[in-house]
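Overview (structure and organization)
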Amino acid sequence: MFWVLLLLLAWAVAGTACTRLCLAAVHAAASDAKEATAGQGHDLTLYEAAFLSGGPRRVADLTLVSMARQRRLLLAHTGWATVVDPRGRDEMERSVIGAIGPEGQSRIAPVRDAAAAADAVGSLADRLVSAGLAVPDGARSGITAAIRQVQLAAAAVLALGAVALLAPDRSDMPAHLIALWFALPFVLTLSCLTIARIEIHPYAQWASPAGQRLLSALVRHSRGGDDRTYLTSVALRGVRAIGEPDLRAAFAHREPHHAFHRHD
């Protein structure tokens, strides 16, 4: 019975993927339990909030917007960045100025990429991970890869079920019973994805549960119309929080080129 072999293969694919996801979740939860008190008494800086909300590129965007609002960097609606004040006030700003280059002018897209990959952002990430506020890169990528494997397993089970139903030799087993047997591993994968969406989703983000609690507190306390509140919105929501049309247009020029790498 050829369909039975396909069913066994479907169970093996679904079982392996779901087991991997469960192990990744247990590992992430164990790490979080060890850091249950992380973040207590810690006040997030804007750079830290940006990283926990959107990763390295969000930090680069925040730096660009901050410098532009202080008139130390000109971000044209055509997508070009021009240095007005070459003296960076911190490591992040110096990374942006260095990424623009000695000519003092460059497209925003490569500046943003270079600033996001700079040592200053890497050091920021290491500090947040050490403080238990950011998810380690290995844990985050492991969760993401495990979820992707379960999604592929669900598609594979559907494909194997279709092959079993279309096979010319499926003995005397009615088609609806064969479909029912294949529905079981498919339901298993869907159940794992549903649970992952509820329970494991926080570990696939940049911020750990402790970091997310600090971000939530930052949102509650960021009320008002001053410049820091504005930059806090950019840190938490990305460039879509920018209110000025010309400044939004400056960032819009790099979005099509990075359509597959957006973290805003």
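Within each chain, residue numbers correspond to sequence positions counted from 1 in written order. Owing to the predicted nature of the model, reporting of local features is limited to residues with pLDDT of at least 70; listing and counting of side-chain atom pairs is limited to 80 or more, with chain, interface and lining totals taken over all residues. Heavy atoms throughout the structure, all of them, feed into the side-chain values; hydrogens and water do not.

Moving on, we come to the pattern of salt bridges. It is possible for side chains bearing opposite charge to pair when their charged atoms get close. Salt bridge, as used here, is a side-chain nitrogen of Lys or Arg placed within 4 Å of a carboxyl oxygen of Asp or Glu. Counted according to the given criterion, the structure contains 7 salt bridges. Linking Arg 112 and Asp 61 is a salt bridge whose minimum nitrogen-to-oxygen distance equals 3.2 Å. Here Asp 61 lies in helix 3 (residues 56–69) and Arg 112 lies in helix 5 (residues 108–116), a separation of 51 residues in the sequence. Take Arg 112 and Asp 61: they sit in the same class, and that class is buried. Two residues, Arg 94 and Glu 91, come together in a salt bridge whose shortest N-O distance is 3.0 Å. Highlighted residues: Arg 94 and Glu 91, both in helix 4 (residues 91–100), separated by 3 residues, approximately one helical turn. Working definition: with a 1.4 Å probe on protein chains only, accessible area under 20% of the residue-type maximum means buried, over 50% means exposed, and in between means partly exposed. Judged by its relative accessible area of 40%, Arg 94 is partly exposed. Glu 91 sits in the partly exposed class, given a relative accessible area of 49%. Beyond isolated ion pairs, a larger network of salt bridges with shared partners links Arg 69, Asp 227 and Glu 244. Put simply, DSSP H or I for four residues or longer makes a helix, DSSP E for two residues or longer makes a strand, and each gets a number counted from the N terminus.

In this section: helix 4. Considered for burial, the residues of helix 4 that qualify are Met 92, Glu 93, Ser 95, Val 96, Ile 97 and Ile 100. One side-chain oxygen at the N-terminal end of helix 4 lies 3.1 Å from the backbone nitrogen of Met 92; it belongs to Asp 90. Polar contact is defined as a pair of N or O atoms within 3.5 Å, subject to the rule that within protein one atom must be able to donate a hydrogen and the other to accept it, and that residues adjacent in sequence are counted only when both atoms are side-chain atoms.

With that out of the way, let us pick up the nonpolar core. Nonpolar core, defined: a set of buried Ala, Val, Leu, Ile, Met, Phe, Trp, Tyr and Cys residues in which side-chain atoms within 4.5 Å join the residues together. One finds Phe 51, Leu 52, Leu 75 and Phe 251 to be the most contacted residues of the largest nonpolar core, which totals 50 residues. Residues contacting Leu 52, with those up to four places away along its chain left out, are Leu 44, Leu 128, Leu 133, Ala 134, Trp 206, Ala 207, Gly 211 and Leu 215. Of all hydrophobic cores here, the second largest spans 12 residues; its members include Ala 17, Cys 18, Cys 192 and Ala 196. A contact between two residues is defined here by any heavy atoms of the two lying within 4.5 Å.

Each patch is assembled from residues with relative accessible area greater than 30% and no salt bridge, linking like charges that lie within 9 Å and nonpolar side chains (Val, Leu, Ile, Met, Phe, Trp, Tyr) that lie within 5 Å. For accessible areas, the Shrake-Rupley method is used with a probe of radius 1.4 Å. Any residue's cover is judged against the shown protein chains and nothing else. Residues Trp 11, Leu 177, Leu 180, Trp 181 and Leu 184 make up a contiguous nonpolar surface patch of about 460 Å² in total accessible area. Looking at the nonpolar patch, the element that brings in the most residues is helix 8 (residues 175–200), giving 4 residues. Its place among the elements puts Leu 184 in helix 8. Under the relative-accessibility criterion, Leu 184 is labelled partly exposed at 41%.

Right, let's get into helix 6 (residues 119–130). The end-to-end C-alpha separation of helix 6 is 16 Å, in line with the 16 Å expected for 12 residues at 1.5 Å each. For helix 6, the complete set of buried residues consists of Ala 120, Val 121, Leu 124, Ala 125 and Leu 128. Down the axis of helix 6, the buried side of the element spans an arc of 140°, and every buried residue falls inside it. Within helix 6, the exposed residues directed more than 90 degrees away from the buried face are Asp 119, Asp 126 and Ser 130. If you follow the buried residues of helix 6, they end up packed against helix 2 (46–54), helix 3, helix 4 and helix 5. One or two positions beyond helix 6, positive phi appears at Gly 132, with a value near 80°. By this rule the span expected of a helix is its residue count minus one, scaled by 1.5 Å. In this context, the arc is that of the directions from the helix axis out to the C-beta atoms.

Pairing in this open sheet of 3 strands is antiparallel, and the strands run 1-2-3 from one edge to the other. The strands lining the two open edges of the sheet, one partner per strand, are strand 1 (73–75) and strand 3 (105–107). Shown here is a sheet whose adjacent strand axes are inclined to one another by a mean of 20°, direction ignored. For strand 2 (residues 80–83) and strand 3, the ladder comprises 3 bridges, and the chain directions are antiparallel. A pair of strands counts as paired when DSSP detects no fewer than two bridges linking them. Note on geometry: axes are C-alpha line fits, over the in-contact stretch for helices, and angles between N-to-C directions span 0 to 180 degrees.

Summarising the element assignment, Asp 85 is placed in the loop between strand 2 and helix 4. There is a polar contact of 3.1 Å between the side chain of Asp 85 and the backbone nitrogen of Arg 87. Setting aside its immediate chain neighbours within four residues, Asp 85 contacts Arg 72 and Ile 97.

On to unusual backbone geometry. Glycine aside, residues mostly have negative phi angles, and peptide bonds mostly take the trans form. Unlike most non-glycine residues, Arg 71 shows phi in positive territory, near 60°. With respect to the element layout, Arg 71 can be found in the loop between helix 3 and strand 1.

Below, the discussion takes up the pairing of strand 2. Covered by surrounding structure in strand 2 are Ala 81 and Val 83 only, the residues Trp 80 and Thr 82 on the alternate face being uncovered. Inspection of the sheet shows strand 1 paired to strand 2 by 3 bridges, in the antiparallel sense. Residue pairing across strands places Leu 73 opposite Val 83, the latter belonging to strand 2. In this antiparallel pair of consecutive strands, strand 1 and strand 2, the connection spans 4 residues, and Gly 79 shows a positive phi of 95°.

By themselves, these observations are geometric and do not establish any function.
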